[in-house]
Amino acid sequence: MRVALVNPTWSFEGSIYFGCREPHLPLELGAAKVLLERAGHRVLLVDGHITDTPLTALADQVADFRPDMTVVTTAPTYLFWRCAQPELRIPRAFLDALAGRGGRTVAVGPHGSVTPKATAEKLGVDVVVRGECEEVIADLADADDPAHVPGVAVRRDGEILVTGAPRAAAFVDLPAIDWPADWVARHHHHHHRFEAAPVGPGAEVEASRGCPYTCSFCAKIDYRDKYRRRALEPLIAEIDGLIAQGARYLYFIDEIFLPQKALLEALAERPVEFGIQTRIDLWKPEMLDLLGRAGCVSIEAGVESLTVEGRAELDKNCRLTTDELAERLIHARRRVPFVQANLIKVAGDDPDLIADWRSRMHAAGVWANDPVPLYPYPSSPDYRKLFGLPDERAWERAHDHYLGLFDRMSDIQDDRPLPLEELEAPCRMA
């Protein structure tokens, strides 16, 4: 089968989107390409964002390949599935430009994982994948009938048939992903790096997937949930390939980059720097020392609340006190040039306590943000606390709730976002 994998040309005007708007490698599509080619399928992988290709030209490129199946993602790379933009206008615009020239159309991403029928209707696709997508895409390419594949939604006799719950990929044995050299050369962005101007290309890699914790705000119930660690050999092979292509900086997209001595020692031997997101309470001082020696230049650490009660409300299951967390952050900052402590806006926050703590951290070189208001993503426990199990209007409900809660956005969001119905107006056209 001829399969086209598409990361469309993203734009986010009027969106609540919290993720980074720079191009990043579409890891889920790269993984799917590896599995498809291993099964003997011909694959075209295109990325309108990193190649700065207009959607119409991107659609023509796909049509020229004459695919039997075209897969489009609804979020820009696995890194941002937990904080995806709610609206589907960009993948819909790509599919409109494709205009039926892509064979069977398939949508993958966080939207269809939780609201498969609504996503199928908004995009007009033939199939929606639920959950982590790379193995499901390979199954769809092998299947005579997509309705026989578990974990998808399929149009059948005027209805949308859901064949099962969201799926999780094995991941641990994922082979090395081989990226196009021109993509790496164009990847000027160093994700979440602030201590120095980028020199040379950046890239994203994945050493582990999922998280052993169940924090209330984290949208991971339907994908990237159970913690899995990738085998070191293919991971290092992928990193070496990126370094050979010129990459000077890597960002590990892992939900929670846990201490792994063998990986850090391997990185220490290579000419590359990197950034991570993690929980600082899970790192002992000696491992933070090794992290710095390995080349880490950026840590994004979720502290979330400055009180035991606040962290308990968020189900952080954190065993350190606030003072111990501060000491660990400051120790990390002595080894790593940029350390960020993430805070979330929680009911009952003491503004003076937050201001004092932020000042203390800033004086020690640790950046702590103005607490961010929560968006109750439909795949998060917080959504279920507020509204119960998500139905097909879950994204609309979460969006309306968020817009109604806050008079002003946080210091990471400048403009007031638009209602979802307005953002998705093209998705509602016949």
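Provided above is the structure to which this section pertains.
Definitions and limits used
- Residues numbered from 1 in each chain as written.
- Predicted model: local features only at pLDDT ≥ 70, side-chain atom pairs only at ≥ 80, totals over all residues.
- Heavy atoms only, no water.
- Helix = DSSP H or I, 4+ residues; strand = E, 2+ residues; numbered from the N terminus.
- Buried < 20%, exposed > 50% of the residue type's maximum accessible area, 1.4 Å probe, protein only.
- Pairing = 2+ DSSP bridges.
- Axes fitted to C-alpha atoms, helices over the stretch in contact; angles between N-to-C directions.
- Polar contact = N/O pair within 3.5 Å; in protein donor to acceptor, adjacent residues only side chain to side chain.
- Phe/Tyr/Trp six-rings, centres within 6.5 Å; stacked < 30°, edge-to-face > 60°.
- Salt bridge = Lys/Arg side-chain N within 4 Å of Asp/Glu carboxyl O.
- Arc of directions from axis to C-beta.
- Core = buried A, V, L, I, M, F, W, Y, C linked by side-chain atoms within 4.5 Å.
- Contact = heavy atoms within 4.5 Å.
- Right-handed = clockwise from strand over helix to strand, strands pointing away.

Peer 1: So what exactly am I meant to see when it comes to unusual backbone geometry here?
Peer 2: When glycine is set aside, most residues are seen to have a negative phi, and most peptide bonds are trans. With a phi close to 55 degrees, aspartate 52 is a non-glycine residue in the positive phi region. Tracing the backbone shows aspartate 52 in the loop between β2 (42-47) and α2 (55-65). By relative accessible area, aspartate 52 is classed as exposed at 61%. The phi angle at arginine 66 is positive, at roughly 55 degrees, despite the residue not being glycine.

Peer 1: Sorry, what's going on with the sheet that holds strand β6 (residues 152-156) here?
Peer 2: By way of backbone hydrogen bonds, the strands of a sheet pair with one another, either parallel or antiparallel. Ordered by their spatial adjacency, 7 strands build an open sheet running β2-β1-β3-β4-β5-β6-β7, and the pairing between neighbours is mixed. The open sheet has two free edges, formed respectively by β2 and β7 (159-162), since each of these has just one partner strand. Shown here is a sheet whose adjacent strand axes are inclined to one another by a mean of 20 degrees, direction ignored. In terms of strand pairing, β6 meets β7 through 4 bridges, oriented antiparallel. Paired with arginine 155 across the bridge in β7 is isoleucine 160.

Peer 1: Honestly, the side chain of glutamate 132 in this entry has me stumped. Any pointers?
Peer 2: In this fold, glutamate 132 is placed in the loop between β5 (127-129) and α6 (134-142). Here the side chain of glutamate 132 touches alanine 169 through a polar contact of 2.9 Å, landing on its backbone nitrogen. Polar side-chain contacts of glutamate 132 include one of 2.7 Å to the backbone nitrogen of arginine 224.

Peer 1: Quick question: what am I supposed to make of the packing of aromatic side chains here?
Peer 2: The description of two aromatic rings rests on the distance between their centres and on the angle between their planes. Here the structure, examined in full by the defined rule, presents 15 aromatic pairs. Aromatic pair tryptophan 81 and tyrosine 223: ring centres 5.3 Å apart, planes at 85 degrees, arrangement edge-to-face. One end of the pair, tryptophan 81, is in the loop between β3 (69-73) and α3 (89-98); the other, tyrosine 223, is in the loop between β9 (208-209) and β10 (228-229), and 142 residues separate them in sequence. Across the pair, tyrosine 223 and tryptophan 81 agree in class, each one buried. An aromatic cluster of at least three residues, connected via ring pairs, comprises Phe18, Tyr375, Tyr377, Trp395 and Tyr402.

Peer 1: Would you take a moment to explain the pattern of salt bridges for this structure?
Peer 2: A pair can form between side chains of opposite charge whenever their charged atoms are brought close. The final tally for this structure, using the stated rule, is 26 salt bridges. Aspartate 225 is paired through a salt bridge with lysine 220; the nearest N and O atoms lie 2.4 Å apart. The buried category is assigned to lysine 220, whose relative accessible area is 4%. Note that arginine 397 and aspartate 391 form a salt bridge whose closest N and O atoms lie 3.0 Å from each other. Taking the relative accessible area as the measure of exposure, aspartate 391 reaches 37% and is therefore partly exposed.

Peer 1: Mind showing me how you'd approach helix α9 (residues 261-268) here?
Peer 2: Given 3.6 residues per helical turn, the α-helix brings residues three or four places apart onto the same face. Residues of α9 that are buried: Leu263, Leu264, Ala266 and Leu267. Relative to the axis of α9, the buried residues are bounded by an arc of 160 degrees and lie together on one face.

Peer 1: Just checking my understanding: could you explain the nonpolar core for this structure?
Peer 2: Nonpolar side chains in soluble globular proteins generally cluster together in the buried interior. In terms of nonpolar packing, the biggest core is built from 109 residues, with Leu5, Phe252, Leu264, Phe274, Leu291 and Leu329 touching the most fellow members. At 7 residues, helix α1 (residues 27-38) tops the list of elements feeding residues into this core. The residues contacting leucine 264, other than those within four sequence positions of it, are Phe257, Phe274, Trp283, Met287, Leu290, Leu291 and Ala294. Counting 22 residues, the second-largest nonpolar core is a separate cluster that includes Val46, Leu88, Ala120 and Ile160.

Peer 1: I'm lost on α2 in this one. Help?
Peer 2: Taken residue by residue, α2 has Leu55, Leu58, Ala59, Val62, Ala63 and Phe65 as its buried positions. For α2, the arc enclosing every buried residue in end-on projection is 155 degrees, short of the 170-degree limit, so these residues lie on one face. Within α2, the exposed residues directed more than 90 degrees away from the buried face are Thr56 and Asp64. On the buried face of α2, the contacting elements are β1 (2-7), β2, β3 and α3. Looking one or two places after α2, you find arginine 66, whose phi comes out positive at around 55 degrees.

Peer 1: Help me out: how do you make sense of the side chain of arginine 193 in this one?
Peer 2: One can find arginine 193 in the loop between α7 (181-186) and β8 (202-205). Side-chain polar atoms of arginine 193 contact the side chain of glutamate 195, separated by 2.7 Å. What arginine 193 contacts, discounting residues up to four positions off in sequence, is Tyr249, Glu273 and Val297.

Peer 1: Before we go on, may I ask you to explain the pairing of strand β4 (residues 104-108) in this structure?
Peer 2: The side chains of a regular strand alternate between both faces of the sheet. Most of β4 sits out of view: 4 of its 5 residues are buried. Between β3 and its parallel partner β4, the chain crosses via α3, and the hand of that crossover is right-handed. Relative to β5, β4 runs parallel, the two sharing 2 bridges. Pairing of valine 106 across the sheet is with valine 127, part of β5.

Peer 1: Please clarify how the sheet that holds strand β13 (residues 296-304) should be interpreted in this entry.
Peer 2: The strand order across the open sheet formed by 6 strands is β8-β11-β12-β13-β14-β15, and the pairing between neighbours is parallel. With partners counted over all chains shown, the strands left at the sheet margins are β8 and β15 (366-368), one partner each. This sheet shows a mean twist of 20 degrees between the axes of neighbouring strands, independent of strand direction. The pairing of strand β14 (residues 339-343) with β15 spans 3 bridges and is parallel. Within the sheet, the bridge partner assigned to glutamine 340 lies in β15 and is tryptophan 367. Contacts between helix α8 (residues 232-244) and the sheet are confined to β8 and β11 (249-252), with β8 contributing the most and set at about 170 degrees to the helix.

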